[in-house]
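Single-letter residue listing:
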Amino acid sequence: MTQLATIGNPHPHYAVILTVVPGDDLDGYREMCQHLVAKAKTQPGFLGVEMAESEISVVVSYWETMDAIQAWSQDAFHRIAKEQAKQRWYKSFHTRVCKVELEY
């Protein structure tokens, strides 16, 4: 993905920031990310996503509400993907949730 998310103007909204130090074996990782993004796009309250990969990968997803984030975190496919990522693809990671009150 090589474009910025177009959120529009729902302020405030929320950003979920996933920062990852990838492991050495990333077999299947990109495919899983593609499936996760496609699934997230179908979720109520999803606004967009941005990704960058380097020594540290960053995925930022944008959501209308905290309830939408909570629902996504409980999605069965998302939960399986998170467990696989922790076990197979991530050396380390952090997830942060931020309230976005302004963008320009």
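A few points on the structure. (Residues numbered from 1 in each chain as written. Predicted model: local features only at pLDDT ≥ 70, side-chain atom pairs only at ≥ 80, totals over all residues. Heavy atoms only, no water.)

## Describing helix α2 (residues 66-74)
It helps to recall that an α-helix has 3.6 residues per turn; residues three or four apart then point in one direction.
No. 1: Every buried residue belonging to α2 is among A68, I69, W72 and S73, and all of these are buried. Taken end-on, α2 shows its buried residues confined to a sector of 135°, consistent with a single buried face.
No. 2: At its buried positions, α2 is contacted by β1 (13-22), α1 (29-40), β3 (57-63), α3 (76-89) and β4 (90-100). (Buried < 20%, exposed > 50% of the residue type's maximum accessible area, 1.4 Å probe, protein only. Helix = DSSP H or I, 4+ residues; strand = E, 2+ residues; numbered from the N terminus. Arc of directions from axis to C-beta. Contact = heavy atoms within 4.5 Å.)

## Description of the sheet that holds β1
No. 1: Strand order in this open sheet of 4 strands is β2-β3-β1-β4, and the pairing throughout is antiparallel. If you trace the sheet from one side to the other, it starts and ends with β2 (46-52) and β4, each paired once. Neighbour-to-neighbour, the strand axes of this sheet turn through a mean angle of 15°, independent of strand direction.
No. 2: Relative to β3, β2 runs antiparallel, the two sharing 6 bridges. Looking at the pairing, E50 lines up with V60 of β3.
No. 3: Contacting β1 and β4, α3 crosses the sheet at an angle of about 140° to β4. (Pairing = 2+ DSSP bridges. Axes fitted to C-alpha atoms, helices over the stretch in contact; angles between N-to-C directions.)

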